[in-house]
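Fold and contact review
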Amino acid sequence: MTTATAIPAGTYTTDGVHSSAGFAVKHMLATFRGSFATVNAQVTVDEDGSARLQGTVPVGSVIVKDENLQAHLQSPEFFDAEQHPEIRFDGLDLTIDGPTATLTGDLTIKGHTGRVTAEGSVVGPIEDPFGNTKLGLQFETVVDRTKFGLNWNAPLPKGGFMLANDVTISVDLELAQS
Amino acid sequence: MRVLGISGSLRRDSYNSGLLRAAADLLPPGAELEVFDALKAIPPYDAHADGDLAPAPVHALREAIAAADAVLVATPEYNASVPGVLKNALDWASRPHATNPLRGKPTAVIGTSTGMFGAVWAQADARKILSTIGARVLDRELPVPEAAERFDAGGMLRDTEVEAQLSELLAELGDAVEAREAALARAA
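All chains use their own residue numbering, which begins from 1 and follows the written sequence. Chain labels run from A onward and ligand labels from 1 onward, assigned in the order the entries are written. Restriction of local features to residues with pLDDT of at least 70 applies here, the model being predicted, together with a cutoff of 80 or more for giving and counting side-chain atom pairs; totals for whole chains, interfaces and linings are based on all residues.

Moving on to the overall build of chain A. Looking only at helices and strands, one finds one helix and 11 strands in chain A. Numbering goes from the N terminus for both helices and strands, where a helix is a DSSP run of H or I of at least four residues and a strand is a run of E of at least two. For chain A, the sequential pattern of α-helices and β-strands runs β-β-β-β-β-β-α-β-β-β-β-β. Note that the radius of gyration is over C-alpha atoms, with the globule rule given as 2.2 Å times the number of residues to the power 0.38. For chain A, the C-alpha radius of gyration of 17 Å lies close to 16 Å, the compact-globule estimate for 178 residues. Based on the C-alpha atoms only, the size of chain A along its principal axes is roughly 55 × 30 × 25 Å. Put simply, a residue is buried when 20 or more other C-beta atoms lie within 10 Å of its own C-beta and exposed when 12 or fewer do; between those, it is partly exposed, and each C-beta is set from the backbone. With 178 residues in all, chain A has 29% of them scored as buried. Two residues form a contact once the distance between their C-beta atoms, set from the backbone, is within 7 Å. Restricting to contacts in chain A with at least 6 residues of sequence separation, those with at least 24 account for 59%.

What follows is about the overall build of chain B. Along its length, chain B carries six helices and six strands. Counted from the first residue to the last, chain B has its helices and strands arranged as β-α-β-α-β-α-β-α-β-β-α-α. Rg of the C-alpha trace for chain B: 16 Å, near the compact-globule value of 16 Å for 188 residues, within the 12% margin. Judged by the C-alpha coordinates and their principal axes, chain B covers about 45 × 40 × 25 Å.

On to helix 4 (residues 120-133) of chain B. All names here are of chain B. Here, expected helix span is obtained from the residue count minus one, scaled by 1.5 Å. Taking 1.5 Å as the rise per residue, helix 4 with 14 residues should run 20 Å; its terminal C-alpha atoms sit 20 Å apart, in good agreement. Inspection of helix 4 places Ala122, Gln123, Ala126, Arg127, Ile129, Leu130 and Ile133 among the buried residues, and these make up the whole buried set. Taken end-on, helix 4 shows its buried residues confined to a sector of 165 degrees, consistent with a single buried face. On its buried side, helix 4 packs onto strand 3 (70-74), helix 3 (84-93), strand 4 (106-112), strand 5 (136-137) and strand 6 (143-144). Looking at the residues trailing helix 4, positive phi occurs at Gly134, about 115 degrees. What the arc covers is the set of directions going from the helix axis to the C-beta atoms.

Residues and elements named next belong to chain B. Where helix 1 (residues 15-26) contacts helix 6 (residues 160-187), the axes come no closer than 10 Å and their chain directions differ by 65 degrees. As the angle between them shows, helix 1 and helix 6 are arranged roughly perpendicular. Relative to helix 6, the crossing made by helix 1 is right-handed. Residues Ala22, Ala23 and Leu26 of helix 1 pack against Glu163, Leu166, Ser167 and Leu170 of helix 6. Its residues assigned to classes, the contact of helix 1 with helix 6 shows five nonpolar, one polar and one charged. Fitted lines through C-alpha atoms serve as axes, helices being fitted only where they are in contact, and the angles separating the N-to-C directions of these axes extend from 0 to 180 degrees. The cut-offs work like this: below 35 degrees is roughly parallel, past 145 is roughly antiparallel, 65 to 115 is roughly perpendicular, and the gaps in between are oblique. Put simply, a crossing is left-handed when the front helix is turned counterclockwise from the back one by less than a right angle, and right-handed when it is turned clockwise. Throughout this entry, Asp, Glu, Lys and Arg are counted as charged residues, while Ala, Val, Leu, Ile, Met, Phe, Trp, Tyr, Cys and Pro are counted as nonpolar. The remaining residues, Gly among them, count as polar.

With an omega dihedral of 5 degrees, the bond running from Gly124 of chain A to Pro125 of chain A counts as a cis peptide bond. Locating Pro125 of chain A in the fold gives a position in strand 9 (residues 112-127). Residue Arg95 of chain B is joined to Pro96 of chain B through a cis peptide bond whose omega torsion reads -10 degrees. Positive phi values are uncommon outside glycine, yet Lys110 of chain A reaches one of about 55 degrees. With respect to the helices and strands, Lys110 of chain A occurs in the loop between strand 8 (100-109) and strand 9. For Asn79 of chain B, which is not glycine, the phi torsion reads 50 degrees and is therefore positive. Relative to the assigned elements, Asn79 of chain B resides in the loop between strand 3 and helix 3. Note on Asn79 of chain B: 9 C-beta atoms within 10 Å, which makes it exposed.

Attention shifts here to the nonpolar core. As used throughout, a nonpolar core is a set of buried Ala, Val, Leu, Ile, Met, Phe, Trp, Tyr and Cys residues joined through C-beta atoms within 7 Å of each other. By size, the foremost hydrophobic cluster in this structure holds 53 residues, and its most contacted members are Leu19, Ala23, Val71, Leu72, Ile110 and Leu173 of chain B. At the level of secondary structure, the elements contributing two or more residues to this core comprise strand 1 (2-7), helix 1, helix 2 (56-67), strand 3, helix 3, strand 4, helix 4 and helix 6 of chain B. With seven residues, helix 6 of chain B is the largest single contributor of residues to this core. The residues touching Ile110 of chain B, leaving out its near neighbours within four places in the chain, are Leu19, Leu72, Ala74, Leu142, Leu166 and Leu169 of chain B. Within the second largest apolar cluster, 36 residues are counted, among which are Ala41, Phe139, Leu173 and Leu175 of chain A.

A few words now on the interface of chain B and chain A. Contacts between chain B and chain A engage 12 residues on the former and 11 residues on the latter. Among the elements that make up the side of chain B that touches chain A, the one with the highest residue count is helix 6 of chain B (five residues). Its residues assigned to classes, the side of chain B that touches chain A shows five nonpolar, four polar and three charged.

With that settled, consider helix 1 of chain B. If you check helix 1 of chain B, its first and last C-alpha atoms are 16 Å apart, about what 12 residues at 1.5 Å a residue would give, namely 16 Å. For helix 1 of chain B, every residue scored as buried is listed here: Tyr15, Asn16, Ser17, Gly18, Leu19, Leu20, Ala22 and Ala23 of chain B.

Each regular strand carries side chains that alternate between the two faces of the sheet. All names here are of chain A. Of the two faces of strand 5 (residues 51-58), the one lined by Ala51, Leu53, Gly55 and Val57 is fully buried and the one lined by Arg52, Gln54, Thr56 and Pro58 carries no buried residue. At least two DSSP bridges between two strands are required for those strands to pair. In this structure, strand 4 (residues 40-45) lies alongside strand 5, joined through six bridges in antiparallel fashion. Looking at strand 5, one finds that Val45 is bridged to Ala51. Hairpin connection of strand 4 to strand 5: five residues between the antiparallel strands, including Gly49 at a positive phi of 95 degrees. In terms of strand pairing, strand 5 meets strand 7 (residues 86-97) through five bridges, oriented antiparallel. Residue pairing across strands places Gly55 opposite Phe89, the latter belonging to strand 7.

With that settled, consider the confidence of the model for chain B. The quantity known as pLDDT measures the predictor's confidence residue by residue, on a range of 0 to 100. Chain-level pLDDT for chain B is 96 on average; 100% of the residues reach the 70-or-more range. Our summary of model confidence lists the complex with pTM equal to 0.88 and ipTM equal to 0.82.

The structure is reproduced here in structure tokens:
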């Protein structure tokens with residue numbers, strides 16, 4: 001249910017340049033971060049205020065700092081881009097309450113679907129200098145990557161593993177009313 | 001479907017080469033197997049000698065992999081792992097890492113040994129190596145123990161149970177090739 005902030009009913013589509021999706025995961029000692037260059041999302045707000053978010057991210061648009069790692073992430077050991085070229089989010093509910101938002105939906109990665117809930121914030125709607133109604137959304141959640149078929153790991157010589165299972169996913173969306 | 005067979009054994013009467021010959025006869029209809037037989041000619045890996053300078057047998061290996069729809073590795077077991085010549089060949093084949101010809105290639109590992117375990121640890125290591133290189137490695141093994149009792153004097157496999165398992169594995173390899181072709185067609 002959409003409440004406090006009045007968001008006009010309609011469809012809002014991401015601006016590709018100003019939207020991003022990223023992930024962060026503990027790699028031995030430090031937090032490793034990567035992102036996806038392409039994020040496609042659409043928010044639908046009904047007349048009764050209920051809202052949903054649908055989104056896709058092409059696996060091939062992953063950005064990390066090493067081309068070999070980039071290739072590894074595309075391989076069957078990780079996202080398996082050939083067989084599963086897209087990460088998908090099928091939103092069930094987007095509840096906006098003032099400046100905060102709660103998102104619920106089904107996340108599909110590598111053919112594995114899991115229900116996720118993400119807390120976030122809302123900015124806008126505002127009118128941009130060109131007369132478009134713009135909406136900003138930001139969400140963050142933590143998922144267990146092994147529930148989505150991303151099981152790769154490497155044992156460390158003195159015990160433990162190279163890569164954590166919990167991955168923080170964050171998305172920043174700038175959407176325009178169509 | 002074109003399958004490239006690579007035997008990790010250089011021995012003239014190798015049982016693993018025999019296993020590849022058996023595989024050639026058990027392929028799904030329309031498939032053919034070509035064996036890469038120049039493993040001995042591949043020099044020790046040297047990054048300095050790679051790139052445009054790569055030795056001719058290395059070029060031949062990379063081109064043979066690139067031209068194949070699938071790869072079938074038959075490995076013996078030396079000291080609980082793959083033979084050095086096989087690892088060396090795969091190390092050459094894996095470069096450059098991001099664009100190597102094994103990337104995404106449906107690949108299966110089989111193996112036989114004269115002992116009781118059928119090169120099962122070598123096969124596990126081979127799958128790990130091939131997965132790291134980026135191949136799509138079938139998650140199954142075919143350990144054939146006591147090779148001397150399963151191959152005849154002419155080096156032909158004489159074991160219907162192993163033949164049935166090998167047929168199943170090759171059919172699964174064929175399925176992986178079809179799934180890849182379908183995925184690439186969807187993406188095109």
